[in-house]
Amino acid sequence: MSRYRRYPRLWPGALMAALALTVTTVGQALAADVNNVRNAGFESGLSDWTCSAGSAAAVSSPVHTGTAALQATPAGQDNARCGQTVKVRPDSTYTLGAWVRGGYAYLGVTGTGTTDVSTWTPDSASWKQLSTTFRTGPSTTSVTVYTHGWYGQAAYYADDVSVYGPDGGGGTGPGPTVPAAPSGLNVSGTTSSSVSLAWQPVSGATGYHVYRDGTKVTAVTGTSATVTGLAASTAYSFRVTAVNAAGESPKSAAVTGTTNTPSGPGPALPKHAVTGYWQNFDNGATVQKLADVQPQYDIIAVAFADATSTPGTVTFNLDSAGLGGYTVDQFKADIRAKQAAGKKVVVSVGGERGTVAVNDSASAANFANSVYSLMRTYGFDGVDIDLENGLNATYMTQALRSLSAKAGSSLIITMAPQTIDMQSTSNSYFQTALNIKDILTVVNMQYYNSGSMLGCDGKVYSQGSVDFLTALACIQLEGGLAPSQVGLGLPASTRGAGSGYVSPSVVNNALDCLAKGTNCGAFKPPRTYPGLRGAMTWSTNWDATAGNAWSDAVGPHVHGLP
């Protein structure tokens, strides 16, 4: 957000493709299915594989399983493609998979006789599974499976390539069996809005699904998970299943986790909330005191804290002169009044011209200490991260966890990344959000001042439509954030941003599409997200300038979601 209008930065199509997040569904193999790929783990070097321009080699580290993996390095106009011709049966369905890490990695198949498919992932420091499905044509007896990287990017690694399905006559052996149910499920921690779980590993499992009161709420690859977005002082029942390419295990024995009672001032945040930025400056929008902020706003982000000469340290200076003589004492009293009315007031750090840098342990400590000092001085409920010039995921995570340790479970943490920041889980903003998922309140991505972006289906969408809102929100919802941690950020009027304004009815249609599966555009999300947190706007001041048209329409709609 900005003290002034912000104008769009157009992102090149090649960059967006490289940053694409493709959400795929792992197919389930039948008991008689086999892996039709030969030398699937590169234990025999590059035998059975053909790689371009001498770009590849079998290496002993890192490996996913076994003693070897593929390392392939793009160079110049070569994308380091490696392929294998795999025997298959006609008119059959197969699941193509591989484990990858390193630079951008692509996995695909050609010659299917039907629709050739592919999937990819951005760079990753740890092993990540790619998977998709395809069907062979009536006369197809072989296909070509391939991997490749991206021009000018780092080397990628691939291991355990698989084409599970009916035996085509050249495979390496039977597929996996359905894993056993996890054991030892226990509650390892609770806050007022989350329950942390842990369990014992299951042999042969590649991942785990977590169920809350019978509904799947998250999927993880490790043996622990934190379920967030829960109501305070409430008991929930949890079960876990183990999964692999063969299917999903029976559910584990149930455990009950009860969230804590909030310790902060005022009532807990509502299930569905509206966030609004309040301008601590006069830029032509209606000047407001905090007391003037419209009642539909549940979270009020005070924009902005100011950087200091000490790295990571922020302060806050009320613009009394620009706000008509508004005093610090009045401001503090208005915060208390809003909190008494059930609202949360946070201090926002950043904005378009924000220069706050948290790049090491010292600046992380400075950030946590200074924000906590502002919370104690003014009564803020927490902090909003709106750093539009980049952030360091490692040290911002460290800073926010330190702040949480000081402030306790009532801390409100919101984030307002730009669209490009949330295209991939490898991006620093997305990494930070996932790193602090157990203490994060909501991410209100800015769906404005943006070029065209990729949706979770891999298609390109332009701002200003229901599809842009829903397809991009899907990346966050399917990429690891809980629905209660996702909000839609839009300008309150055409004057509130350089581009991307949509009418409140479009915002409401997008909310309905995501929460209820109704009023969608061409894009249909893979499931509904009734726990969706709500919406955000820049700003309460521009909303007032436009006669409160945004909050009058969107506010009641958010609060009326299921």
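Conventions used here
- Residue indices begin from 1 for each chain and proceed along its sequence in written order.
- Per-residue local features are limited, in this predicted model, to residues with pLDDT of at least 70; the limit for side-chain atom pairs, both in listing and counting, is 80 or more; totals at the level of whole chains, interfaces and linings are taken over all residues.
- Working from all heavy atoms in the structure, the side-chain values ignore hydrogens and water.
- Per the convention used, a helix needs a DSSP run of H or I reaching at least four residues, while a strand needs a run of E reaching at least two, with both numbered from the N terminus.
- Think of it in three bands: with a 1.4 Å probe and only protein chains considered, a residue is buried below 20% of the maximum accessible area for its type, exposed above 50%, and partly exposed in between.
- Contacts between residues were defined by any pair of non-hydrogen atoms, one from each residue, lying within 4.5 Å.
- Accessibility throughout is a Shrake-Rupley quantity obtained with a 1.4 Å probe, and a residue counts as covered only by protein chains that appear here.
- Only four residue types enter the charge count, namely Lys and Arg as positive and Asp and Glu as negative; His and the chain termini do not.
- Just so you know, the charge point we use is NZ for Lys, CZ for Arg, CG for Asp and CD for Glu.
- Pairs of cysteine sulfur atoms within 2.5 Å are identified as disulfides in what follows.
- A pairing counts as a salt bridge when a side-chain nitrogen of Lys or Arg comes within 4 Å of a carboxyl oxygen of Asp or Glu.
- Strands are labelled as partners when DSSP assigns at least two bridges between them.
- The term nonpolar core refers to a set of buried residues drawn from Ala, Val, Leu, Ile, Met, Phe, Trp, Tyr and Cys, joined through side-chain atoms within 4.5 Å.
- Here a polar contact is taken to be a pair of N or O atoms separated by no more than 3.5 Å, where protein atoms must pair a possible hydrogen donor with a possible acceptor and residues adjacent in sequence count only if both atoms sit in side chains.
- The axes are straight lines fitted to the C-alpha atoms, using for helices just the contacting stretch, and the angles between their N-to-C directions are given from 0 to 180°.
- In this scheme, a helix's expected span is set at 1.5 Å multiplied by one less than its residue total.
- Any angle that falls under 35 degrees is termed roughly parallel, while one over 145 is termed roughly antiparallel, one within 65 to 115 roughly perpendicular, and all others oblique.
- By definition, any crossing whose near helix is turned counterclockwise from its far helix by less than a right angle is left-handed, and any crossing with a clockwise turn is right-handed.
- Classification used: nonpolar for Ala, Val, Leu, Ile, Met, Phe, Trp, Tyr, Cys and Pro, charged for Asp, Glu, Lys and Arg, polar for all others including Gly.

Draft legend 1. Geometry of the overall build of the protein. A count of helical and extended segments in the protein gives nine helices and 31 strands. Across the 562 residues that make up the protein, the buried fraction comes to 53%. The long-range fraction of contacts in the protein, counting pairs at least 24 apart against all pairs at least 6 apart in sequence, stands at 75%. Total accessible area on the protein is roughly 20,700 Å²; 49% of this is exposed by carbon and sulfur atoms. With 33 positive and 33 negative side-chain charges, the protein shows a spacing of 4 Å between the two charge centroids.

Draft legend 2. Focus on the state of the cysteines. Under the counting rule described, the total for this entry stands at three disulfides. The disulfide partner of Cys 51 is Cys 82, and the gap between their sulfur atoms is 2.1 Å. Sign of the S-S torsion, about 115° for the bond between Cys 51 and Cys 82, identifies this disulfide as right-handed. Of this pair, Cys 51 sits in strand β2 (residues 50-51) while Cys 82 sits in strand β5 (residues 82-87); the two residues are 31 residues apart in sequence, bridging distant segments of the chain. Overall, the relative accessible area of 0% leaves Cys 82 in the buried class.

Draft legend 3. Examining the pattern of salt bridges more closely. Under the criterion given, the structure shown has five salt bridges. We note a salt bridge from Lys 343 to Asp 298, for which the minimum N-O separation is 3.9 Å. Here Lys 343, found in the loop between α2 (328-340) and β24 (344-351), pairs with Asp 298, found in the loop between β21 (273-279) and β22 (299-307); they are 45 residues apart in sequence, far enough to count as distant. Under the relative-accessibility criterion, Asp 298 is labelled buried at 6%.

Draft legend 4. Quick look at the pairing of strand β7 (residues 105-110). Most of β7 sits inside the fold, with five of its six residues counted as buried. Relative to strand β8 (residues 117-121), β7 runs antiparallel, the two sharing five bridges. Of the residues in β8, the one forming a bridge with Gly 108 is Ser 118. Between the antiparallel neighbours β7 and β8 lie six residues, among them Gly 111 with a positive phi of about 75°.

Draft legend 5. Seen up close, the nonpolar core. The biggest cluster of nonpolar side chains holds 100 residues, and the ones touching the most others in it are Trp 278, Leu 290, Phe 331, Phe 367, Phe 380 and Ile 385. The dominant element in this core, judged by the number of residues it contributes, is helix α6 (residues 466-478), at nine residues. Not counting residues up to four positions away in its chain, the partners in contact with Phe 380 are Val 302, Phe 331, Ile 335, Gln 339, Val 345, Val 346, Val 347, Leu 374 and Met 375. Counting residues in hydrophobic clusters, the runner-up holds 27 residues, among them Tyr 94, Val 109, Val 117 and Leu 130.

Draft legend 6. Just the side chain of Thr 121, in detail. With respect to the helices, strands and loops of the structure, Thr 121 is situated in strand β8. A distance of 3.0 Å separates a polar atom in the side chain of Thr 121 from a polar atom in the side chain of Lys 128. Here Thr 121 is in contact with Val 100, Tyr 104, Ala 105, Lys 128 and Leu 130, once residues within four sequence places are set aside.

Draft legend 7. The arrangement of the pairing of strand β17 (residues 224-227) in detail. Of the two faces of β17, the one holding Ala 225 and Val 227 is buried and the one holding Ser 224 and Thr 226 is not buried anywhere. Relative to β17, strand β14 (residues 195-198) runs antiparallel, the two sharing four bridges. Paired with Ala 198 across the bridge in β17 is Ser 224.

Draft legend 8. Molecular detail of the sheet that holds β17. Ordered in space as β13-β14-β17, the three strands form an open sheet in which the pairing is antiparallel. In the strand order of this sheet, the two ends are held by β13 (186-190) and β17, each with one partner. For this sheet, the mean inter-axis angle between neighbouring strands, taken without regard to orientation, is 25°.

Draft legend 9. Spatial organisation of helix α7 (residues 504-516). A rise of 1.5 Å per residue sets the reference length of α7, with its 13 residues, at 18 Å; its end C-alpha atoms lie 18 Å apart and thus fit the reference within 8%. Among the 13 residues that make up α7, 10 are buried, leaving the element largely enclosed by the rest of the structure. Within the span of α7, buried status applies to Pro 504, Val 506, Val 507, Asn 508, Ala 510, Leu 511, Asp 512, Cys 513, Leu 514 and Ala 515. Considering only its buried residues, α7 is in contact with α6, β30 (486-491), β31 (534-538) and α9 (549-559). With its phi angle positive at about 80°, Gly 517 sits one or two positions after the end of α7.

Draft legend 10. Inspection of α6 at higher detail. Between the first and last C-alpha of α6 there are 18 Å, a value that for 13 residues agrees with the 18 Å anticipated at 1.5 Å per step. The element α6 is extensively covered by neighbouring structure, given that 12 of its 13 residues are classed as buried. All of the buried residues in α6 are Val 466, Asp 467, Phe 468, Leu 469, Thr 470, Ala 471, Leu 472, Ala 473, Cys 474, Ile 475, Gln 476 and Leu 477. Looking at the buried residues of α6, the elements they touch are α5 (428-435), β27 (442-446), β28 (453-454), β29 (460-461), β30 and α7. Positive phi appears at Gly 480, one or two residues downstream of α6, with a value of about 130°.

Draft legend 11. Local environment of the sheet that holds β5. Within the open sheet, the five strands sit side by side as β2-β5-β10-β7-β8. Their pairing is antiparallel. Of all strands in the sheet, those with a lone pairing partner are β2 and β8, marking the two edges. Two elements, β5 and strand β10 (residues 142-148), share six bridges in a ladder whose sense is antiparallel. Looking at the pairing, Gly 83 lines up with Tyr 146 of β10.

Draft legend 12. Region of interest: the packing of α6 against α7. Packing of α6 against α7 brings their axes to within 9 Å, and their N-to-C directions diverge by 40°. Taken together, the axis directions place α6 and α7 in an arrangement best described as oblique. In the crossing of α6 with α7, the sense of the turn from one axis to the other is right-handed. Along its contact with α6, which presents Val 466, Leu 469, Thr 470, Ala 473 and Leu 477, the element α7 presents Val 506, Val 507, Asn 509, Ala 510, Cys 513 and Leu 514. Here the contact of α6 with α7 is built from residues that sort into nine nonpolar, two polar and no charged.

Draft legend 13. Examining the side chain of Thr 537 more closely. Position of Thr 537 relative to the elements: it lies in strand β31. A residue is classified by how much of its surface remains accessible, and Thr 537, at 0% relative accessible area, is buried. Of note is the side chain of Thr 537, whose polar atom sits 2.9 Å from the backbone nitrogen of Ala 492. Other than its neighbours up to four places away in sequence, Thr 537 contacts Thr 275, Gly 276, Tyr 277, Tyr 297, Leu 490, Pro 491, Ala 492 and Trp 550.

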